[in-house]
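# Structure at a glance
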Amino acid sequence: MAVFGITRTLVASLACCAGMAFAQGAEMFGLAKTLGGLPFWHLQRVDAQRAVIVADFADAFALNHADKIAAPLVGAALMGYGPKGMSSGEFNEQMKDVQARCGVSANIMSSVFSVEAKPEDIAEALDACFHIVTEPALRDKDIERLRKSSADGRARQEQDRGSLAGLVMRQLVLVNGPFGRWSEPDEVAKITAGDADLWRREVFARDNLTIVAVGAQDAAAFGVMIDKNFSQLPEKAAVKAGVAPAPVYPAKTIVLEREGAQTAIVLENAVNIEASEGPAVTIGNNVLGGGMDRRLGKAVRGEQGATYGIGSGIGQAAPGQRSFSIRSALANDLAAGGLKRAREEYENWRLNGVSEVENEASRSLLATSIDKGAAEPGGKAYALVNMLRTSRTAEDEALYTERMRATPAIEVNRVLRARMPEKLTTVIVAPKADGYNADCVIRDVKEVARCR
Amino acid sequence: MRGWVISAVAGAWAAFAHAGFALAGPEVKIGDNVFLLPDPKAKVITLWMVVNAGCRDEEGGQCAGLAHYLEHLMFIGRDGKQEFNTAQVFAAGQTNAFTSMQATAYYQTAPAREGQVVADLEKLFDRYSERLRGIDIAEDAAARERNVVLQEFNFRKSDSVRRNFYTAMNKKLQPDHPISQPVIGSKEDIAAFSVEKAKAFHQRWYAKNNINFLVYGPVGADDVKALAAKYIDPLPRKKVPSRAWLDARRSFEPLDGLVSVNDPEAQRREVLLEKIVRYEDADPLQTGISNAILFDYLNSQIKGSLQDVFVENRRLVSQIHVSVTPIGAGAMWYSVAATLEDATTPEAMKAEIAAYFANLEKSGVEASVVERLKKRRASSNQEIDKDPQKSLSALQSWFSNNSSYADWLTRGERLAAVTAPGMAPVLKAMAGPGRQVFGVLTPQK
């Protein structure tokens, strides 16, 4: 602990400068400032083949505009069609000419601009790409395209049992607030170019963002290109922080009857995890549902041959609220048995935890995988963005895999017992509800409200 | 080609499209068919085994999903305990595989543990060489795995109207060729899987001289050479059956067929043109790389491309894509898939596609466009060259398309040799008569 305390002090005193390496080889971002006063996180890798800049804008637009909840999704997609003054094709091909990639994506917590290119091209790529933020084309024909695409996508969701089960769960639990419906075609259809532009003007500002840069350039060089582009943004975001309603998980089994060759299941509930418990719960989750050789895979695929795939995961149900879920598509005639085994495995895992052997395998696999991802500049940048978005620190990011490798089974088991919910809301899409002891049976997603 | 790919598309031409054109990559050739991608910074060790046999090599020239079933069986088997997934050596590692028309590829990874890399790689070599000697499956495990394959079939919606539409198109185009059949097989095929037939396929095709091994990690050539000598060299060489029958069974007779279905899952009307053409081909490898550049253009948004003409400017379709499947030297199977806008009829679009390629034959692709696209690929090659992981992926893809290492080494100079006039024979063939089937998928409300 004393050693760790010294390290933390060392980090704090060097936080102004470029990223640094820890004793075990972990890299940590440093916090720099452009000449224009804009803070940004920076990590220099002198031999990096790619450079990346990620800008994460806190986005509560949907929470503040009940009549325009789909604007972030539509706006982000429209930005992908390029800036004013050139066709979408010209823009995309220009980017390909310099092997650059850029775009904007929207999620329930933020909207993210990113650009990636070779080190010698990153400044030019950022200059070209940032126009999609400052002056996106927002063409009517592209809006029309998105509306059609949204309607088609929604129809395809209904045809895929797994997607349909997920859709039912989302609309079931996100009772209040925008996120249960913000991708629905009728919400997308409401959004005009003016709405997308309003979203852009309210959200993309300088006091609202976190910038992360990784590449061969030093902080000063990145600072110049960041200043040149981000200084064009307004100083203050107009969108206020919003409070997202928490999802509500009824302790029920809901069956949507739909003919098909397989039965889809989703079992889910909210989990409240302390930031420090992240590694433990991630390890625990991998032991349960991290692949076909893990517990769920062995039980449902290996023993029963009931599925091609089953897994579990920790996700983000709503801003600030995580969820745990188990998902699978099962043979119709083996689905009841497969569901029963999945529930048994979950309960056993929750109460009795994982063995040392399992713990070691999973933490090693996960830490290796995370390190491998972080070896890429983009992976490293997004790792920090995700940490900062959930109120963790650059140090947390740097030490994450170290902590993971050092997490014993006893800690994993403590967290599982303390945090994993006793009941899981279950959604099943099956030809018939028989055999599932359903609390509510529906035949259309629109009926889901009566199952709450 | 719209067909069954549980993996990448077929042939050397698609291999060009996937692999890039590295001039001098980091790979080290250890033996005839063992390659090392050394990476001192690697976090993992990886061993790929790419078997040069897939669905089209099944018995009687009928692709019935057996190669894919064998892929599944390779993961289970007697190991004292008859446990599921005994193929996976390291619980902290990952393993997977895929099957295509022409290859079956397996890989395992594990964390690169300091001081243990060679010992851990040895375990992977040992396991793969054991599996190459033979497989032994309990009947109940084989039956369970048949059901798992059936669940994969259902998960991929292999019995949907759309999938059956693609199969019908392919069968009309190439009625007597396995390339038109789904890699996963039909439900009836799956129900009829037998371990004996799977073992027979294994016996016939899983020979060390029909496989490429790729090793990646923080390991040196001498160590990998020693492992290859211990585990691969002692395996028996086998006489690999020739595939001459593939050529004999291709159909080139002129055809202008039509397949039309109503699909309850389709959202918009879609058309699919599948066409086989022939041309003089003095250098199939060079033609392959030239075609890769041509298809880069056709699928781009550059002026004159399919998207530029039909999506952006004339707004006849909302999406359009062209793909190519090699079907032997001097022949090409290309597909144009498009989603129609409301005002466009399928018949009109068929005529438009024909007119497009007729015009392209006359005008050719602009030399400046060809050079632009060559430059992109060359730049991509350089990135691949510098990155052992990217090189691993590219080389694996190359071998999975039955392409040779000797050809891999010539990609850079062949890219440099691509010219706009050099594309003329292929453009002429694409615009000319051939064997084609036009498909229409209409939403059924």
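Residues numbered from 1 in each chain as written. Chains lettered and ligands numbered in written order. Predicted model: local features only at pLDDT ≥ 70, side-chain atom pairs only at ≥ 80, totals over all residues. Heavy atoms only, no water.

So, on to the overall build of chain B. A count of helices and strands for chain B gives 17 helices and 11 strands. Its C-alpha atoms give chain B a radius of gyration of 23 Å, near enough to 22 Å, the size a compact globule of 445 residues would have. Dimensions of chain B, computed from C-alpha atoms along their principal axes, come out at roughly 65 × 50 × 35 Å. Across the 445 residues that make up chain B, the buried fraction comes to 59%. A sequence separation of at least 24 residues applies to 83% of the contacts in chain B between residues at least 6 apart. Summing over all exposed atoms, chain B offers an accessible surface of approximately 17,500 Å²; the carbon and sulfur share of this is 51%. Across chain B, 54 positive and 52 negative side-chain charges occur, with their mean positions spaced 1 Å apart. (Helix = DSSP H or I, 4+ residues; strand = E, 2+ residues; numbered from the N terminus. Rg over C-alpha atoms; globule rule 2.2 N^0.38 Å. Buried < 20%, exposed > 50% of the residue type's maximum accessible area, 1.4 Å probe, protein only. Contact = heavy atoms within 4.5 Å. Areas by Shrake-Rupley, 256 points an atom, 1.4 Å probe, with all protein chains shown as cover. Lys, Arg positive; Asp, Glu negative; His and termini not counted. Charge placed at Lys NZ, Arg CZ, Asp CG, Glu CD.)

The next thing to look at is the domain arrangement of chain B. All names here are of chain B. The domains assigned to chain B are domain 1 (11-246) and domain 2 (252-366 + 420-443). Taken together, the 20 residues of domain 1 in the interface contact 36 residues of domain 2. For the pair domain 1 and domain 2, the summed buried area comes to about 2,300 Å², and 76% of that belongs to carbon and sulfur atoms. Run the count over domain 1 and domain 2 and you get 3 salt bridges. Residue E270 pairs with R162 through a salt bridge whose shortest N-O separation is 2.8 Å. Connecting domain 1 to domain 2 are 4 residue pairs in polar contact (both at pLDDT 80 or more). When contributions to the side of domain 1 that touches domain 2 are tallied by element, the ones reaching two or more residues are α1 (11-19) and α5 (161-173). The biggest single contributor to the side of domain 1 that touches domain 2 is α5, with 9 residues. Looking at the side of domain 1 that touches domain 2 residue by residue, the class counts come to 14 nonpolar, 3 polar and 3 charged. (Domains from an automatic or database assignment. Buried area = accessible area lost by both parts, 1.4 Å probe. Salt bridge = Lys/Arg side-chain N within 4 Å of Asp/Glu carboxyl O. Polar contact = N/O pair within 3.5 Å; in protein donor to acceptor, adjacent residues only side chain to side chain. Nonpolar A, V, L, I, M, F, W, Y, C, P; charged D, E, K, R; others polar.)

All names here are of chain B. Across the sheet, 6 strands lie side by side as β1-β2-β6-β3-β5-β4; this open sheet has mixed pairing. Only two strands of the sheet have a single neighbouring strand rather than two, namely β1 (28-29) and β4 (94-99). Here β4 runs beside strand β5 (residues 104-111); their pairing, made up of 6 bridges, is antiparallel. Bridging across to β5, A97 finds its partner in Y106. Strands in contact with helix α2 (residues 66-73) are β4 and β5; relative to β4, the strand with the most contacts, it is inclined by about 170 degrees. The strands that helix α14 (residues 388-400) touches are β2 (34-38), β3 (44-51), β4, β5 and β6 (211-217); relative to β6, the one it contacts most, it runs at about 170 degrees. (Pairing = 2+ DSSP bridges. Axes fitted to C-alpha atoms, helices over the stretch in contact; angles between N-to-C directions.)

Residue and element names in this part refer to chain A. Strand order in the open sheet formed by 6 strands is β3-β4-β8-β5-β7-β6, and the pairing between neighbours is mixed. Among the strands making up the open sheet, the edge pair consists of β3 (30-33) and β6 (101-106). For this sheet, the mean inter-axis angle between neighbouring strands, taken without regard to orientation, is 20 degrees. Across 6 bridges, the pairing between strand β5 (residues 51-58) and strand β8 (residues 209-215) is antiparallel. Counted as the bridge partner of V54 is V212 from β8.

What follows concerns the pairing of β8(A). All names here are of chain A. With respect to burial, β8 is a largely interior element, 6 of its 7 residues being buried. Where strand β4 (residues 39-44) lies against β8, 4 bridges are found, and the strand directions are parallel. Looking at β8, one finds that W41 is bridged to V212.

Residues and elements named next belong to chain A. In this structure the tally under the stated criterion is 3 disulfides over all chains. Put simply, C102 and C129 are joined by a disulfide, and their sulfur atoms are 2.3 Å apart. Because the sign of the S-S torsion sets the handedness, a value of about -100 degrees for the bond joining C102 and C129 places this disulfide among the left-handed ones. Placement of C102 in strand β6 and of C129 in helix α5 (residues 122-134) is noted, with a sequence separation of 27 residues between them. Each sulfur of the disulfide joining C440 and C451 lies 2.0 Å from the other. Judged by the sign of its S-S torsion, about -65 degrees, the bond between C440 and C451 is left-handed. Here C440 is found in strand β14 (residues 440-442), whereas its partner C451 is found in the segment after β14, with 11 residues between them in sequence. Just as C440 is buried, C451 falls in that class too. Going through chain A in sequence order and numbering each bonded cysteine, the pairs you get are 1-2, 3-4. (Disulfide = S-S within 2.5 Å.)

Opposite the 44 residues of chain A that make contact, chain B presents 41 residues. Note on chain A versus chain B: buried area summed over both sides is about 3,900 Å², and carbon and sulfur give 47% of it. On inspection of chain A and its partner chain B, the count reaches 10 salt bridges. A:D97 is the partner of B:R376 in a salt bridge, and the nearest nitrogen-oxygen pair spans 2.8 Å. Looking at the side of chain A that touches chain B, the elements that each hand over two or more residues are α4 (88-97), α6 (140-159), α12 (295-303), β11 (307-318), β12 (321-331) and α14 (356-374) of chain A. For the side of chain A that touches chain B, the per-class residue count stands at 11 nonpolar, 14 polar and 19 charged.

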